[in-house]
Amino acid sequence: MTKATDILHSLGMDLLLLLKIIGILVAAWVVERLIYFALRRGYAKSKAKGREEMTRYRFFRNGVRTLMVILAVIAIIYTIPSLRSLAFTLFAGAGILAVVIGFAAQKALSDIISGVFIVAFRPFRVGDMIQAGEAGAFGVVEDINLRHTTILTFENRRLVIPNSILSEDRIVNSTIRDEATCEFIEFELAQHADVNMAMSLMQHQALLHPERIPSPAATNMEDPNEPVTVRLVKIHEGAITLRMYVWALDPVIARRMHYDLNQAVLETFLENGIPFALPIRRAIQTDHTRPNNPADGQAAK
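The following refers to the structure shown. Note that residues are indexed from 1 along each chain, following the sequence as it is written. Given that the model is predicted, a residue must reach a pLDDT of at least 70 before its local features are reported, and side-chain atom pairs must reach 80 or more before they are shown or counted; all residues, however, enter totals for whole chains, interfaces and linings. The side-chain values count all of the structure's non-hydrogen atoms but skip hydrogen atoms and water molecules.

1. Things to note about the nonpolar core
Right, on to step 1. Within the largest apolar cluster, 23 residues are counted, with the highest numbers of intra-cluster contacts made by Leu 189, Met 202, Met 244, Val 246 and Phe 269.
Right, on to step 2. At the level of elements, β6 (181-190), α6 (195-208), β8 (239-248) and α7 (251-271) are the ones that each hand at least two residues to this core.
Right, on to step 3. Only DSSP runs of H or I covering at least 4 residues are called helices, and only runs of E covering at least 2 are called strands; the numbering of each starts at the N terminus. Ranked by the residues each element gives to this core, the list is headed by α7, at 6 residues.
Right, on to step 4. Not counting residues up to four positions away in its chain, the partners in contact with Met 244 are Glu 183, Phe 184, Ile 185, Met 202, Gln 203, Ala 206, Val 228, Thr 229, Val 230 and Leu 261.
Right, on to step 5. Take the buried Ala, Val, Leu, Ile, Met, Phe, Trp, Tyr and Cys residues and link them wherever side-chain atoms come within 4.5 Å; each set so joined is a nonpolar core. Whether a residue is buried, partly exposed or exposed follows from its accessible area with a 1.4 Å probe, protein chains only, as a fraction of its type maximum: under 20%, in between, or over 50%, in that order. One finds Met 54, Phe 59, Ala 132 and Ile 144 within the second-largest nonpolar core, a separate group that totals 16 residues. In what follows, residue pairs with any heavy atoms lying within 4.5 Å of each other are defined as contacts.

2. Focus on the pairing of strand β7 (residues 229-236)
Right, on to step 1. Only when DSSP finds a minimum of two bridges between them are two strands counted as paired. Sheet analysis places β7 next to β8, joined by 7 bridges and oriented antiparallel. If you follow His 236 over to β8, its bridge partner there is Ala 239.

3. Considerations on the layout of surface pockets
Right, on to step 1. The volume enclosed by the largest pocket comes to roughly 150 Å³.
Right, on to step 2. Definitions used for this entry: grid spacing 1 Å over protein atoms alone; cavity, a set of points where a 1.4 Å probe fits but cannot get out; pocket, an open set with protein on both sides within 12 Å along at least 5 of 7 lines; lining residue, one with an atom within 4 Å of a point. In this structure, the largest pocket is lined by 12 residues; those nearest its centre are Glu 188, His 236, Glu 237, Ala 239 and Leu 278.
Right, on to step 3. Those elements that provide at least two residues to the lining of the largest pocket are β7 and β8.
Right, on to step 4. The element contributing the most residues to the lining of the largest pocket is β8, with 3 residues. Grid points are joined across faces, edges and corners, and a volume is the space filled by probe spheres set on the points.

4. Overview of the sheet that holds strand β4 (residues 158-162)
Right, on to step 1. Read from one edge to the other, the open sheet built from 5 strands follows the order β4-β3-β2-β1-β5, with strand pairing classed as antiparallel. At either end of the open sheet lies a strand with only one pairing partner, and these are β4 and β5 (171-173). Pairwise comparison of adjacent strand axes, ignoring direction, gives a mean angle of 40° for this sheet.
Right, on to step 2. Summarising the sheet, strand β1 (residues 129-132) and β5 pair through 3 bridges and their orientation is antiparallel. From the neighbouring strand, Gln 131 faces β5, where its bridge partner is Val 172. Only the contacting stretch of a helix is used when fitting its axis, a line to C-alpha atoms as for every element, and angles between N-to-C directions run 0 to 180 degrees.

5. Focus: the pattern of salt bridges
A side chain of one charge can pair with a side chain of the opposite charge if their charged atoms are brought near each other.
Right, on to step 1. Note on definitions: salt bridges are taken to be side-chain nitrogens of Lys or Arg within 4 Å of carboxyl oxygens of Asp or Glu. Inspection of every chain in the model, using the stated rule, returns 7 salt bridges.
Right, on to step 2. The partner of Arg 65 in a salt bridge is Glu 32, with the nearest N and O atoms 3.8 Å apart. Of this pair, Arg 65 sits in helix α2 (residues 51-79) while Glu 32 sits in helix α1 (residues 2-45); the two residues are 33 residues apart in sequence, bridging distant segments of the chain.
Right, on to step 3. The class for Arg 65 is partly exposed, based on a relative accessible area of 37%.
Right, on to step 4. Here Arg 125 ties to Asp 128 by a salt bridge, and the two come within 2.9 Å at their closest N and O atoms. The residues Arg 125 and Asp 128 share a single accessibility class, namely buried.

Scope: geometric values only; no functional claims are made or implied.
Below, the structure written as structure tokens:
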């Protein structure tokens, strides 16, 4: 009888502990849901403001979710006696442990602070098309949380970059102000090519493209009297480089138009006998069969 009572008493304690853990998890989930619906309602009211509000909404939503998970774990550790005593023991001798944890959390803290700065100063927003770094891939910002930013590339791949790296690197934002894009399309021709004819053919092909738009405002390099400007930008090693300035509604259309015009201009040049530049190769041949001459001023041995 006593043994059965002890078993029931032990089982009752385990059940009580399990109920406490379930209660903590349910409470954390309910609080997270309430804050989520509050954020979502606030975003719905200010949705007309555009991508800035979407960026803040995504960042705070992910931040609240992470915070509730951390608080739930801490509460569960405090609820379980064995884990609580272990935690107190670890914190009692926290000299070396604090150094180790601090060193390990340094990068995470840097990412969190950088994420806050990104949301506050808005170098990019969710939905913007950016390029991170000198040779980074182009893509659309899909999400931002406390640790990292997710970029969806043209290859339908997700590029995950820590916030601290993004805050320190150079960012090219193609849509932060105006999505209209001036695309540079260049061709290298032979130096004896008919430049005026080549320019005319390039302009004609650009005007035929259905996705080209008129220049919103002529830049310093464009001719306001021409619908499409073509300039000779380089003469180097027997080759000349012609650059065409063509406008499109957004960077994606501009890139697609670039590829279309590459093909169209290539076919037109071939039909009209416009020669392309050929690469120049310099080869230095050394005859190793001949004996080396003695140095000046020294007699041969």
